[in-house]
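Residue-level listing of the chains:
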Amino acid sequence: MATAIAQRRESRIKEYTYLWEGVDRNNRPVRGEVKAASEAVVSSNLRRQGIRITKLRRETFRGGGRVTDRDITFFTRQLSTMLKAGVPLLQAFEIVARGHRNARFSRLMMDIKGRVEAGSSLSQAFREHPAQFDALYCNLVSAGETSGMLDGILDRLATYKEKILAIKSKIKSALFYPTAVVIVAIVVVWVIMVWVIPAFKQVFTNFGANLPTPTLIVIAISDFFVAYWWAIALIIIALVFGFFFLHRRSTAFRYAIDRLVLKVPIVGAIVEKATIARWTRTLATMFAAGVPLVESLDAVGGASGNSAFANATKRIQTDVATGTSLTNAMGNTGLFPTMVLQMTQIGEESGSLDGMLSKVAEFYEREVDDAVAALSSLLEPLIIVFLGVVIGGLVVAMYLPIFKLGAVI
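Basis of the calculations
- Residues numbered from 1 in each chain as written.
- Predicted model: local features only at pLDDT ≥ 70, side-chain atom pairs only at ≥ 80, totals over all residues.
- Heavy atoms only, no water.
- Helix = DSSP H or I, 4+ residues; strand = E, 2+ residues; numbered from the N terminus.
- Rg over C-alpha atoms; globule rule 2.2 N^0.38 Å.
- Buried < 20%, exposed > 50% of the residue type's maximum accessible area, 1.4 Å probe, protein only.
- Contact = heavy atoms within 4.5 Å.
- Areas by Shrake-Rupley, 256 points an atom, 1.4 Å probe, with all protein chains shown as cover.
- Lys, Arg positive; Asp, Glu negative; His and termini not counted.
- Charge placed at Lys NZ, Arg CZ, Asp CG, Glu CD.
- 1 Å grid on protein atoms, 1.4 Å probe; cavity = no way out; pocket = protein on both sides within 12 Å on 5 of 7 lines; lining within 4 Å.
- Points joined across faces, edges and corners; volume = space filled by probe spheres on them.
- Nonpolar A, V, L, I, M, F, W, Y, C, P; charged D, E, K, R; others polar.
- Expected span 1.5 Å × (residues − 1).
- Bend = angle between axes of the 7 residues up to and from the residue.
- Salt bridge = Lys/Arg side-chain N within 4 Å of Asp/Glu carboxyl O.
- Polar contact = N/O pair within 3.5 Å; in protein donor to acceptor, adjacent residues only side chain to side chain.
- Axes fitted to C-alpha atoms, helices over the stretch in contact; angles between N-to-C directions.
- Left-handed = near helix turned anticlockwise from the far one by under 90°.

Chemist: Could you give me a rundown of the overall build of the protein chain, with the residues and numbers involved?
Modeler: Secondary structure summary: the protein chain contains 16 helices and three strands in total. In terms of C-alpha radius of gyration, the protein chain reaches 31 Å, well past the compact-globule figure of 22 Å for 409 residues. Taking the principal axes of the C-alpha coordinates as reference, the protein chain spans close to 105 × 65 × 45 Å. A total of 409 residues make up the protein chain; the buried ones form 37% of that total. The long-range share in the protein chain, meaning contacts at least 24 apart out of those at least 6 apart in sequence, stands at 61%. Working note: accessible area of the protein chain is about 23,300 Å², and carbon and sulfur atoms make up 60% of it. Charge separation in the protein chain, taken as the distance between the mean sites of 46 positive and 33 negative side-chain charges, equals 8 Å.

Here you go:
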């Protein structure tokens, strides 16, 4: 009993990575890396080996930014390339950790390397970090380990993540410009309402004449902004905070928003195509890696990025598990276009489901590219009109009394 307790205490001792340099018995310079609980342990072990230490320091990876999807994608491609080149797995992790500028990412790599060194499988080591490696990633790595084709699976996984990242990037870039313009317009209108129009109002009061109706309306709105600007600011902050809070915590709210987004003109069509591309690309990648269909569907819904498709995927998974074909199960949801259903049916009947789903994903990825390009060209004139109506309307309303005064003079 006492021995077992001592072993458990020993297993809880935290170990660190130490880098050392020294001279061996033959006065030749040597260097290396070792994991130990303290510098004293390292010094004692090296002395027993006949090594005189000249430099010893603990390796630290302090600070660092958030580990992004781009970091994981690049790491997957690196790991795949190094394994194909014959680099040992543990050495590959060390190379990636040493060569990355993000200290947090380096710590992540060294932690996974340590778990693998301790006897854990690579997929299990990844599962210890669910924030960076989701179920889909871990399942594919597990399939690669089981089949002995880890490098090939990692290559497929890297390609998958690169394509998904490209779709996200294109949609974000298309929406960034109009979002930035709208935010700037709101700030400009706020400044005009709170500081500029009150100055004009003071000038117009000295005229002693009746003001045009548009000017009176703008002044009334300005008075409301000046009197209740703090309440407006609090309401805006509360709405933004409440939206993100509910979107993160409430499944029903997230589902309602995702369903609403799919129905928004122009933007909804792009989101739908991007979601279908991600859904089919994910399922094709999982199925091609040898993961059973029902188990593949378990990870596909979350990877789609849309609650409506995630809920539909759960229904599809239940139907497929009870013997329904994938095509019929997808058709029952009412979310997938006829072309997707027909291609899926051909894939099921011909035994090349992964190939057909990959073709569907490629088709919709091209559709997203075309739709984003069309959206960008459409938004520019709409934004110009929007700014002209809002800002131009305020300017005209405030200059109407001046024009009227000039006519009287």
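Chemist: I'd like a rundown of empty space enclosed by the protein, residues and numbers included.
Modeler: Under the definition given, this model contains one cavity of 30 Å³ or more. The volume enclosed by the largest cavity comes to roughly 30 Å³. What lines the largest cavity is simply I171, A174, L175, V267, I270, V271, V372 and L375. Classifying every residue of the lining of the largest cavity gives eight nonpolar, no polar and no charged.

Chemist: Explain helix α9 (residues 213-249) to me, and be specific about the residues and the numbers.
Modeler: End to end, α9 covers just 47 Å across 37 residues, shorter than the expected 54 Å (1.5 Å per residue, more than 12% under). Roughly 80° is the biggest bend found in α9, and it falls at Y228.

Chemist: Could you give an account of the pattern of salt bridges, with specific residues and numbers?
Modeler: Any two side chains of opposite charge can pair, given that their charged atoms come close. All told, the structure shown has eleven salt bridges when counted by the stated rule. The residue K168 makes a salt bridge to D69 at a minimum N-O spacing of 3.5 Å. Placement of K168 in helix α8 (residues 150-205) and of D69 in helix α3 (residues 69-84) is noted, with a sequence separation of 99 residues between them. Residue D69 is classed as partly exposed on the basis of its relative accessible area, which comes to 41%. For R77, the salt bridge is made with E162, and the minimal N-O distance between the two is 3.0 Å. Of the two residues, R77 sits in helix α3 while E162 sits in helix α8, which places them 85 residues apart along the sequence. With a relative accessible area of 33%, E162 lands in the partly exposed category. Because the salt bridges share partners, they merge into one network encompassing R77, K84, D155 and E162.

Chemist: Now, about the layout of surface pockets: what can you tell me, with residues and values included?
Modeler: Computed from the structure, the largest pocket encloses a volume of approximately 1,400 Å³. Forming the walls of the largest pocket are 33 residues, and the residues nearest its centre are K168, K172, H247, R278 and G305. Where the lining of the largest pocket is concerned, the elements lending two or more residues are α3, α8, α9, α10 (251-263), α11 (267-288), α12 (293-304) and α13 (307-321). For the lining of the largest pocket, the per-class residue count stands at 13 nonpolar, twelve polar and eight charged.

Chemist: Got a sec to walk through helix α5 (residues 103-117)? Specific residues and values, please.
Modeler: With 15 residues, α5 should reach 21 Å at 1.5 Å per residue; the first-to-last C-alpha distance of 21 Å fits that figure. All of the buried residues in α5 are A103, F105, S106, L108, M109, M110, I112, K113, G114 and V116. Two or three places before R104, at the opening of α5, N102 has a side-chain oxygen 3.1 Å from that residue's backbone nitrogen. Two residues or fewer past α5, G119 is found with a positive phi of approximately 110°.

Chemist: Account for the packing of α11 against α13, with residues named and values stated.
Modeler: The interhelical angle for the contact between α11 and α13, taken along N-to-C directions, is 40°, at an axis separation of 12 Å. Along this stretch, α11 crosses α13, giving a crossing that reads as right-handed. Facing α11, whose interface residues are T275, I276 and W279, α13 presents F309, T313 and I316. Across the contact of α11 with α13, the residue classes break down as four nonpolar, two polar and no charged.

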